[in-house]
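# Examining the three-dimensional arrangement
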Amino acid sequence: MLNRKKNHLSRRQFNALAGAAGITLGTGGLSGLARAAGAPDSATIIHGKASGMIIHNAKLAVMETPLAELRKHDITPKNILFNRFHYPHEGDASWYVTTSAPSAEMVKNWTIRVDGLVQRPRTVTIADLQKQPQEKRISVLQCAGNGRAYYAAKQKVGGGQWHNGGMGNVEWEGVPLRPFIESLKMEIAPQAHWLTAEGWDQPATPVGSDFAKSYHIGDKALDHAILALKMNGEPIPAQNGGPVRLIIPGYYGNMNVKMVTELLFMAEQSPSVFQSVGYRMPNFPVEPGKFGANDYNWYNSRPTYGHAIKSVIFSPLPEDKPKAGTVTITGVAFNDGEAKITDVEVSADGGKTWHKATIKPPASPWAWHHFSAKAHLAKGKQTLMCRATDALGRTQPMDGLTRWNPRGYEWNGVDRVVLDV
Ligand SMILES: Nc1nc2c(c(=O)[nH]1)N[C@H]1C(S)=C(S)[C@@H](COP(=O)(O)O)O[C@H]1N2
Ligand SMILES: [Mo]
């Protein structure tokens, strides 16, 4: 591993500065959600979060948005956006959950080391980034583990049991990555095939891996990448990666490194477990027990890059208690933004009959696409379904379990909502 020097300030100093910004916990709660007495609530785990989020891991501040809330907004507000971290947010690392925005001092002192196989390594500040032309990207942010809970129908997979709420539709704004790197005139060596981004957060033990992700220099998705300074028109909340986050629109959450402190040009991919073993999909179908969560290597698997095409029903949900008759089924669809989503079909009778939905023109290729279709809903137990297809012919498997994998990533089976009509 490279011996890295973190930002000029120590973690302790950072924390003191973050604390100086003032801490007040708790905002309005989410409707319709009861939580077990004594169980930690989202509003006390992350500053500024609505109460009533679905908690997957209180210690790591991992939480999911209830669909009944997610569906109320086109752009997901920060107070209900899901969150995912990998290290406990105790002590020095608590600033990113106890403040909604990094303090002015932190922003002033934040540096990104741009280094590796380059002639002239550089240190970039937030002020440097602010001077550059800024561009917006509306993109779905989705954890690669979103939908993991559904794999349990074959065999339960370890990790947060996400249903469909580990995602949001977010407006990012920042500096286009490629032109910015070029402007630094660092003279990148020809053997530098990979760009690695690392976040500020660090494992509790020195043997653990930093949160680092690598991208092939030739990856076309990097053409759209930005070093984001704003989320939904405001400085990025600390818990969503402020003051600066690498956004690769259309890529799974883990590829969007929060709190970026390093951009390294390397001959190889980062040896971080988050690149080499975690967040990977096997290159072949696997059966439970035949291929384990630690059996991944560079050759038998690939990183979770672009979103597998997916659609999710937002309405009606069981709590809407729809009546028999004509029903309007709505929801969202998205993919990696590489091809137009041409079709969304819905069914209100468990897949016997399908109806073509109307797709509202999306705000960007990576944004979620709202769809809507009318169908007849009969009395009794009914299963609603939706399935999206894009111009490359990519579609969602009727049986999502065919993509079962030991770490439970990339669920994109046809979505099903079971109703008692
Ligand atoms: N620095 C850093 N970046 C990170 C992570 C992390 O733990 N540390 N988690 C990743 C994962 S797995 C996901 S799903 C998203 C979650 O983003 P959010 O917390 O803003 O919703 O951040 C990604 N970027
Ligand atoms: Mo994730």
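Before going into details, it helps to say that this report is about the structure given with it. Since the model is a prediction, treat every value here as computed from it, not as a measurement. Every residue gets a number counted from 1 within its own chain, in the order that chain's sequence is written. Going through the entries in the order they are written, you letter the chains from A and number the ligands from 1. Where totals are concerned, whole chains, interfaces and linings use all residues; where local detail is concerned, this predicted model gives features only for residues with pLDDT of at least 70, and gives and counts side-chain atom pairs only at 80 or more. Calculated side-chain values reflect all of the structure's heavy atoms, with hydrogen atoms and water omitted.

## Considering the overall build of the protein
In plain terms, the rule: Strands are runs of DSSP state E lasting at least two residues, helices are runs of H or I lasting at least four, and both sets are numbered from the N terminus onward. We compute the radius of gyration over the C-alpha atoms and compare it with the globule rule, which gives 2.2 Å times the number of residues raised to the power 0.38. Burial classes: relative accessible area under 20% of the type maximum marks a residue as buried, over 50% as exposed, and values in between as partly exposed (1.4 Å probe, protein chains only). It only takes one pair of heavy atoms within 4.5 Å for two residues to be counted as in contact. For accessible areas, the Shrake-Rupley method is used with a probe of radius 1.4 Å. Any residue's cover is judged against the shown protein chains and nothing else.
Helix and strand content of the protein: eight helices and 22 strands. Taking 2.2 N^0.38 as the reference for a compact globule, 421 residues should give roughly 22 Å; the C-alpha atoms of the protein span a radius of gyration of 21 Å, in line with that estimate. With respect to the principal axes defined by its C-alpha atoms, the protein has extents near 65 × 45 × 45 Å. Out of the 421 residues belonging to the protein, those deemed buried represent 55%. Taking contacts inside the protein between residues at least 6 apart in sequence as the whole, the part at least 24 apart equals 70%. Just so you have it, the protein exposes about 17,500 Å², and 54% of that area is on carbon and sulfur atoms.

## Some words on the pattern of salt bridges
Test applied: When a carboxyl oxygen of Asp or Glu lies within 4 Å of a side-chain nitrogen of Lys or Arg, that pair is called a salt bridge.
Counted by the stated rule, this structure contains 16 salt bridges. Note that arginine 71 and aspartate 320 form a salt bridge whose closest N and O atoms lie 2.8 Å from each other. You can see arginine 71 sitting in the loop between α3 (67-70) and α4 (95-98) and its partner aspartate 320 sitting in the loop between β15 (310-315) and β16 (325-334), a full 249 residues away along the chain. A relative accessible area of 31% places aspartate 320 in the partly exposed class. The closest approach of N and O atoms between arginine 394 and aspartate 336, which form a salt bridge, is 2.9 Å. Within this pair, whereas arginine 394 is found in the loop between β21 (381-390) and β22 (415-420), its partner aspartate 336 is found in the loop between β16 and β17 (341-347), the two being separated by 58 residues in sequence. Connected through shared salt-bridge partners, Arg113, Asp115 and Glu262 make up one network.

## A closer look at the packing of aromatic side chains
Threshold: Only Phe, Tyr and Trp rings take part, Trp by its six-membered ring, and two of them pair if their centres are within 6.5 Å. Stacked means planes under 30 degrees apart, edge-to-face means over 60, and tilted covers everything else.
Inspection of the entire model under this criterion finds 15 aromatic pairs. With 5.6 Å between their ring centres and 80 degrees between their planes, tryptophan 95 and tyrosine 96 make a pair best called edge-to-face. Arranged with centres 6.1 Å apart and planes meeting at 70 degrees, the rings of tryptophan 95 and tryptophan 110 form a pair that is edge-to-face. Taken together, the residues tryptophan 95 in helix α4 and tryptophan 110 in the loop between α5 (104-109) and β3 (111-116) connect sequence positions 15 residues apart. As far as burial versus exposure is concerned, tryptophan 95 and tryptophan 110 are alike and both buried. What links up through ring pairs into an aromatic cluster is the set Phe85, Trp95, Tyr96, Trp110 and Trp200.

## Regarding the site of ligand 1
Rules: We call a residue near a molecule or strand as soon as one heavy atom of that residue lies within 4 Å of the molecule or strand. What qualifies as a polar contact is a pair of N or O atoms within 3.5 Å, subject to a donor-acceptor requirement within protein and to the restriction that residues adjacent in sequence count only when both atoms come from side chains. Charged means Asp, Glu, Lys or Arg here, nonpolar means Ala, Val, Leu, Ile, Met, Phe, Trp, Tyr, Cys or Pro, and polar covers whatever is left, Gly included.
Residues in close proximity to ligand 1 total 19 residues, the closest being Phe82, His86, Asp201, Arg245 and Lys258. In this structure, an oxygen atom belonging to ligand 1 sits 3.0 Å away from a side-chain N or O atom of asparagine 83. Asparagine 240 places a polar side-chain atom, nitrogen or oxygen, 2.8 Å from an oxygen atom of ligand 1. Protein chains shield 100% of the accessible area of ligand 1, which is 530 Å² for the free molecule. Looking at the shell around ligand 1 residue by residue, the classes come out as seven nonpolar, eight polar and four charged.

## What to know about the sheet that holds strand β4 (residues 122-125)
Hydrogen bonds between backbone groups are what pair the strands of a sheet, and the pairing can be parallel or antiparallel. The condition that has to hold: Two strands pair if DSSP finds at least two bridges between them. As a rule, the C-alpha atoms of each element are fitted with a line to give its axis, helices using only the stretch in contact, and angles between N-to-C directions run from 0 to 180 degrees.
With mixed pairing, the five strands of this open sheet are ordered in space as β4-β3-β12-β7-β8. Since the sheet does not close on itself, it has two edges, and those belong to β4 and β8 (212-216), each with one partner. Recorded for the sheet is a direction-independent mean angle of 20 degrees between the axes of neighbouring strands. The pairing of β3 with β4 spans four bridges and is classified as antiparallel. Bridge assignment links isoleucine 112 to a residue of β4, and that residue is valine 124.

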